[in-house]
Amino acid sequence: MTRAVVVGATGQIGRVAVGVLAREGWEVTAVSRGGGRDADWPGDVRVVRADREDDAALSAAVGDGCDVLVDMVAFGAGHARQLVSLAGRVGSAVVISSVSVYEDARGRNFDTQAEPGGFPEYPVPVTEEQRTVRPGDSSYSTRKAALERELLAAGDRLPVTLLRAGAIHGPHCRTPRELYFVKRTMDGRRRRVLAYGGASRFHPASVHNIAELIRLAAPRPGTRVLNAVDPEAPPVAEIAAAIDAVMGVRAEDVLVDGAPPAPGVGDTPWSVPAPVVCDMTAAARQLGYRPVVRYADSLPDTVAWIEERLAGRDWREAYPEMAEAYGDLFDYAAEDAWLAARPL
């Protein structure tokens, strides 16, 4: 283990991964657009300001070469070709992908989920052999698939570990699903409507568990695809209760069979009609992976981060990407109207 270059170093995964690698003995160069430094990083981490869209800047950050390049923000075929162009100076790569590349046997995937009957029904748990969407430029999922295809095709020149992350959580997340329950508690809401009987499962992925996979893959060059999720995929009602426990409250769940009963009612960022649960056997077998944190145990840091971000701010200002992705997450008037009208 000698030199590692981490691209996207000040993002939610990058902050943790840089610290883990540096404490493991790697000489780490942390690359980000802002050139920032995390307070928890060891002092010998080298910080470089560079935009990964700038080929020359990324090449300069790699310099004479590195043993592993860890890329948190690679997206699409162009970024894949950019990484492959560095093959002569990079021993191997570890690149973050997404479980959104998967599709079911009927061709349903995250891109079709808004259509009637369009949500995928994956086998439980999903292994890395599950079919994936057609690569392209039309969506996040197709671009991640294009990234994967290009990198795997060049595996003889640049060994790459692709980590298909689930619903990433932890401090510094720009789209924290936990926001839904944290803000409700801060607003004094003590009843919540949960669609699908509160049983929806969308596999979370802690930044600490992803960083552990990076730590294990970095000194083991190889071309492989691995899921990157937590050891459990708790149902949404259990997630809500765990957040309640962290915040010292108890809320009442109003469970609804089936889909959300009205717009803005019962539809949390975790609410899905069929489970999205992934298998971690391959990572355990190939890398000796063992999770370093469980979902509930990681929540205090996540909740504290969200509370701090929300303090004195509108949630849309604090988390604009959540507002863009989910619309009005907190339509309390619609929820109260539905609760008042529902038959007892």
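Keep in mind that what you see is a predicted model, and the values were worked out from it rather than measured. (Residues numbered from 1 in each chain as written. Predicted model: local features only at pLDDT ≥ 70, side-chain atom pairs only at ≥ 80, totals over all residues. Heavy atoms only, no water.)

Notes on the overall build of the protein
Logical step 1: Across its full length, the protein holds 12 helices and 11 strands.
Logical step 2: Radius of gyration (C-alpha) of the protein: 21 Å, near the 20 Å computed for a compact globule of 344 residues.
Logical step 3: Projected onto its principal axes, the C-alpha positions of the protein cover 70 × 45 × 35 Å.
Logical step 4: In the protein, which comprises 344 residues, the share counted as buried stands at 54%.
Logical step 5: At a minimum sequence separation of 6, the contacts of the protein that also span at least 24 residues come to 76%.
Logical step 6: Considering the protein, the positive charge centre built from 39 side chains and the negative charge centre built from 47 side chains are found 2 Å apart. (Helix = DSSP H or I, 4+ residues; strand = E, 2+ residues; numbered from the N terminus. Rg over C-alpha atoms; globule rule 2.2 N^0.38 Å. Buried < 20%, exposed > 50% of the residue type's maximum accessible area, 1.4 Å probe, protein only. Contact = heavy atoms within 4.5 Å. Lys, Arg positive; Asp, Glu negative; His and termini not counted. Charge placed at Lys NZ, Arg CZ, Asp CG, Glu CD.)

Notes on the environment of Met72
Logical step 1: Residue position: Met72 is located in the loop between β4 (66-71) and α3 (77-84).
Logical step 2: Residue classification places Met72 among the buried positions, given a relative accessible area of 11%.
Logical step 3: A C-alpha to C-alpha distance of 37 Å links Met72 and Gly188, two positions 116 residues apart in sequence.
Logical step 4: When residues no more than four places from it in sequence are discounted, the contact partners of Met72 are Val6, Val7, Gly8, Ile13, Gly14, Ala17, Ile96 and Ile214.

Considerations on the packing of helix α5 (residues 179-186) against helix α9 (residues 295-310)
Logical step 1: At a minimum axis distance of 10 Å, the contact between α5 and α9 shows a crossing angle of 60°. What the angle tells us is that α5 and α9 run oblique. As α5 packs across α9, the resulting crossing turns out to be right-handed. Residue-level contacts link Leu179, Val182, Lys183 and Met186 of α5 to Val303, Ile306, Glu307 and Leu310 of α9.
Logical step 2: Of the residues belonging to the contact of α5 with α9, the class tally is 6 nonpolar, no polar and 2 charged. (Axes fitted to C-alpha atoms, helices over the stretch in contact; angles between N-to-C directions. Parallel < 35°, antiparallel > 145°, perpendicular 65-115°, else oblique. Left-handed = near helix turned anticlockwise from the far one by under 90°. Nonpolar A, V, L, I, M, F, W, Y, C, P; charged D, E, K, R; others polar.)

Here we look at the packing of aromatic side chains
Logical step 1: Evaluated as defined, the whole model comprises 9 aromatic pairs.
Logical step 2: Here Phe110 and Phe202 contribute two aromatic rings whose centre-to-centre distance is 5.7 Å and whose plane-to-plane angle is 45°, an arrangement assigned as tilted. Of this pair, Phe110 sits in the loop between β5 (90-98) and α4 (140-153) while Phe202 sits in the loop between β8 (191-194) and β9 (204-206); the two residues are 92 residues apart in sequence, bridging distant segments of the chain. Phe202 carries the same exposure label as Phe110, and that label is buried.
Logical step 3: Grouped by ring-pair contacts, the aromatic residues Tyr180, Phe181, Trp315, Phe330 and Tyr332 constitute a single cluster.
Logical step 4: One residue, Arg177, lies across the ring of Phe202, its end atom 4.7 Å from the ring centre. (Phe/Tyr/Trp six-rings, centres within 6.5 Å; stacked < 30°, edge-to-face > 60°. Lys NZ or Arg CZ within 6 Å of the ring centre and 35° of its normal.)

Concerning a negative patch on the surface
Logical step 1: Residues Asp51, Glu53, Asp54 and Asp55 make up a contiguous surface patch of negative charge.
Logical step 2: Mapped onto the fold, Glu53 is located in the loop between β3 (46-49) and α2 (55-62).
Logical step 3: Taking relative accessible area as the criterion, Glu53 reaches 55% and is therefore assigned exposed. (Patch = residues over 30% accessible without salt bridge, like charges linked within 9 Å, V, L, I, M, F, W, Y side chains within 5 Å. Areas by Shrake-Rupley, 256 points an atom, 1.4 Å probe, with all protein chains shown as cover. Salt bridge = Lys/Arg side-chain N within 4 Å of Asp/Glu carboxyl O.)

Structural notes on the environment of Arg174
Logical step 1: Summarising the element assignment, Arg174 is placed in the loop between β7 (167-169) and α5.
Logical step 2: A relative accessible area of 55% places Arg174 in the exposed class.
Logical step 3: Each C-alpha atom of the pair Arg174 and Ala154 lies 32 Å from the other, and the pair is 20 residues apart in sequence.
Logical step 4: Beyond its immediate chain neighbours, meaning those up to four positions away, Arg174 contacts Tyr319, Glu321 and Met322.

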